[in-house]
Amino acid sequence: MIIGGSSSQDLAAHVACELGEELCYVETKKFPDGERYLRVDGPIDEEVTVIQSTGYPQDENLMELLFMIANLKDLGAKKIRVVVPYMGYARQEKRFNPGETVSAKIVCELIQSAGADEFITFNIHEECVLDFFDIPARNVSAMPAIAEYLDKKFFKKGDDKPFIIAPDKGAYGFAQEISEIIGCDCTYLTKVRLGPDKVETKIVDVRCDSESDNTVNVDSVKGMHAIIVDDIIATGGTIVNAIKILKQYGAESVDVCCVHPILANNGATRIYAAGAGKIIGTNSLSSDTSRVSLAKSIADALRD
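Predicted, not measured: the structure shown is a model, and the values here were computed from it.

Draft legend 1. Structural view of the packing of aromatic side chains. In total, this model carries 3 aromatic pairs according to the counting rule given. On the numbers, 4.8 Å between centres and 50 degrees between planes, the contact of Y172 with Y188 is tilted. One end of the pair, Y172, is in helix α5 (residues 172–182); the other, Y188, is in strand β9 (residues 186–195), with 16 residues separating them in the sequence. The buried category is assigned to Y188, whose relative accessible area is 11%. Against the face of Y37 rests K29, its NZ or CZ located 4.8 Å from the ring centre.

Here it is as structure tokens:
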């Protein structure tokens, strides 16, 4: 049985279709004082999968998720698998400054205490967050789904392949994953300090194939269709900088892909204004850029 929270109902419906499972509806509403009301509409199976992202509004979606898990246990569910495509508060996995709350740890403890028996998420910003769980917890990559979308929508047989760019070294693994599936080159941008007050962002020369002498260098970008790939785009500042650099190096066009399109503070507008052709995100979060469905990826993870 699949149950979708209010932030992921469409996604849950598509996952149910992929698996051929029953979709159970949840009635949610707010009382005049702002408190949340939740009612599961129908009988409950012994094994249930709850799908609910905890992005904006984070507190409301998280509270709803906790209500659903605890309520399902109380209604007789023996095993509850919780799928959180985007996990809010996951970027505070430690105390960066004295006295800070380790929000990620508290959220994991709340989900487990509510009654979750298994936890699945996508491209969590720091995988060490999953260590806060005492239940089985998995981090699934959305890059295959993004690569499949790109290949079908933009790159027909015989067309020139794109150039995949990570905006920094931390995202290079995502670029490699997509480039291997599509069959194209990839690299990343890095900041080089030229002096006490001067920093330059440049394209890193990387070896395409360990068994060949082919190298991706700055000239490789000229005239190419570049695609910037990252896990999360929050405000878009890093992406805007990457677009400008790629344009300076002569990229013919630049599109932007990410798993989690937060795009706060007019992030999408800033990215388009910098010269991006398209912004392509998954439906881990609902936005105008959520073009890639995670339904099949979730279904595959649940089959494992």
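Draft legend 2. Main features of the pattern of salt bridges. A complete count under the given rule lists 14 salt bridges for this structure. D117 serves as the salt-bridge partner of K73, at 2.9 Å between the closest nitrogen and oxygen. Of the two residues, K73 is situated in helix α2 (residues 58–74) and D117 in the loop between α3 (103–114) and β6 (118–122); the sequence distance between them amounts to 44 residues. Notably, a salt bridge pairs K161 with D151, separated by 3.5 Å at the nearest N-O pair. Of this pair, K161 sits in the loop between α4 (143–154) and β8 (163–166) while D151 sits in helix α4, and the two are 10 residues apart along the sequence. By relative accessible area, K161 is classed as partly exposed at 31%. On the accessibility criterion, D151 (31% relative accessible area) is partly exposed. Each of K30, R36, E60 and E64 takes part in one network of salt bridges that share partners.

Draft legend 3. Focus on the pairing of strand β5 (residues 79–84). Taking burial as the measure, the 6 residues of β5 include 5 buried ones, the bulk of the element. Here strand β4 (residues 47–51) pairs with β5 via 5 bridges, running parallel. The partner of I51 across the bridge, within β5, is V83. Traced from β4 through α2 to β5, the parallel crossover comes out right-handed. By the bridge criterion, 4 bridges tie β5 to β6 in an arrangement that is parallel. Residue V84 lies in a different strand from β6, and its bridge partner there is T121. Chirality of the crossover, the property in question, places the unit of β5, α3 and β6 among those that are right-handed.

Draft legend 4. A look at empty space enclosed by the protein. As enumerated under the stated definition, the model contains 1 cavity of 30 Å³ or more in all. By volume, the largest cavity amounts to about 60 Å³. Contributing to the lining of the largest cavity are P85, Y86, M87, A90, R91, T121, F122, N123, I124, H125, I232 and H260. Looking at the lining of the largest cavity residue by residue, the classes come out as 7 nonpolar, 4 polar and 1 charged.

Draft legend 5. Inspection of the sheet that holds β4 at higher detail. Strand order in the open sheet formed by 7 strands is β3-β2-β1-β4-β5-β6-β7, with mixed pairing between adjacent strands. Each edge of the open sheet carries a strand with a single partner, namely β3 (36–41) and β7 (137–140). Strand after strand, the sheet turns through a mean of 20 degrees between neighbouring axes, direction not considered. Strands β1 (2–4), β2 (23–30), β3, β4 and β5 of the sheet are contacted by α2, whose axis makes an angle of about 40 degrees with β3. Each of β1, β4, β5, β6 and β7 touches helix α8 (residues 295–303); the most contacted strand, β6, lies at about 150 degrees to it.

Draft legend 6. Spatial organisation of the nonpolar core. In this structure, L150, I178 and I298 are the most contacted members of the largest nonpolar core, which totals 41 residues. The element contributing the most residues to this core is α4, with 6 residues. When near neighbours in sequence (up to four residues on either side) are disregarded, I178 contacts M143, I146, A147, L150, I164 and V229. Core analysis: the second largest hydrophobic core is formed by 32 residues, L65, M87, A90 and I111 among them.

Draft legend 7. Region of the structure containing the pairing of β8. Of the two faces of β8, the one holding F163 and I165 and the one holding I164 and A166 are both buried throughout. Pairing geometry for β8 and strand β13 (residues 225–233), over 3 bridges, is parallel. Opposite I164, over in β13, you have I227 as the bridge partner.

Draft legend 8. Region of the structure containing the state of the cysteines. This model, assessed by the stated rule, comprises 0 disulfides. Here C184 stays free of any disulfide, with the sulfur of C186 as its closest cysteine sulfur at 7.1 Å. No disulfide involves C257; its nearest neighbouring cysteine sulfur is the one of C258, lying 7.8 Å away. A relative accessible area of 1% means that C257 is categorised as buried.

Draft legend 9. Representation of the environment of L263 in the model. Mapped onto the elements, L263 comes out in the loop between β14 (253–261) and α7 (267–273). Sequence-distant contacts of L263, that is, excluding residues within four places in its chain, are made with I233, A234, A268, I271 and T289.

Thresholds applied
Residue positions are given per chain, counted from 1 along the sequence in the order it is written. Residues qualify for local features only when their pLDDT is at least 70, as the model is predicted, and side-chain atom pairs are given and counted only at 80 or more; totals for whole chains, interfaces and linings, by contrast, use all residues. As a rule here, side-chain values cover all heavy atoms of the structure and leave hydrogens and water aside. Working definition: a ring pair exists when centres of Phe, Tyr or Trp rings (six-membered ring for Trp) sit within 6.5 Å. Plane angles under 30 degrees give stacked, over 60 give edge-to-face, the rest tilted. Comment: elements are numbered from the N terminus, with helices defined as DSSP H or I runs of at least four residues and strands as E runs of at least two. Each residue is placed in one exposure class: buried if its accessible area under a 1.4 Å probe, protein chains only, is under 20% of its type's maximum, exposed if it is over 50%, and partly exposed if it falls in between. Charge-over-ring contacts are defined here by two conditions on Lys NZ or Arg CZ: a distance within 6 Å of the ring centre and an angle within 35 degrees of the ring normal. Whenever a carboxyl oxygen of Asp or Glu lies within 4 Å of a side-chain nitrogen of Lys or Arg, that contact is scored as a salt bridge. Two strands qualify as a pair provided DSSP detects at least 2 bridges between them. Think of it like this: strands point away, you trace from the first strand over the helix to the second, and a clockwise trace means the crossover is right-handed. In this analysis, the protein atoms alone were mapped onto a 1 Å grid. Cavities are point sets where a 1.4 Å probe fits without being able to get out; pockets are open sets with protein on both sides within 12 Å along at least five of seven lines; lining residues have an atom within 4 Å of a point. Grid points are joined across faces, edges and corners, and a volume is the space filled by probe spheres set on the points. Throughout, the ten residues Ala, Val, Leu, Ile, Met, Phe, Trp, Tyr, Cys and Pro are labelled nonpolar, Asp, Glu, Lys and Arg are labelled charged, and all others, Gly among them, are labelled polar. Axes, fitted as lines to C-alpha atoms, cover a helix only where it is in contact. Angles between the N-to-C directions of the axes lie from 0 to 180 degrees. Any pair of residues with heavy atoms lying within 4.5 Å of one another is described as a contacting pair. Only buried residues count toward a nonpolar core. Its members are Ala, Val, Leu, Ile, Met, Phe, Trp, Tyr and Cys residues joined through side-chain atoms within 4.5 Å. Cysteine sulfur atoms that come within 2.5 Å of each other are treated as a disulfide pair.

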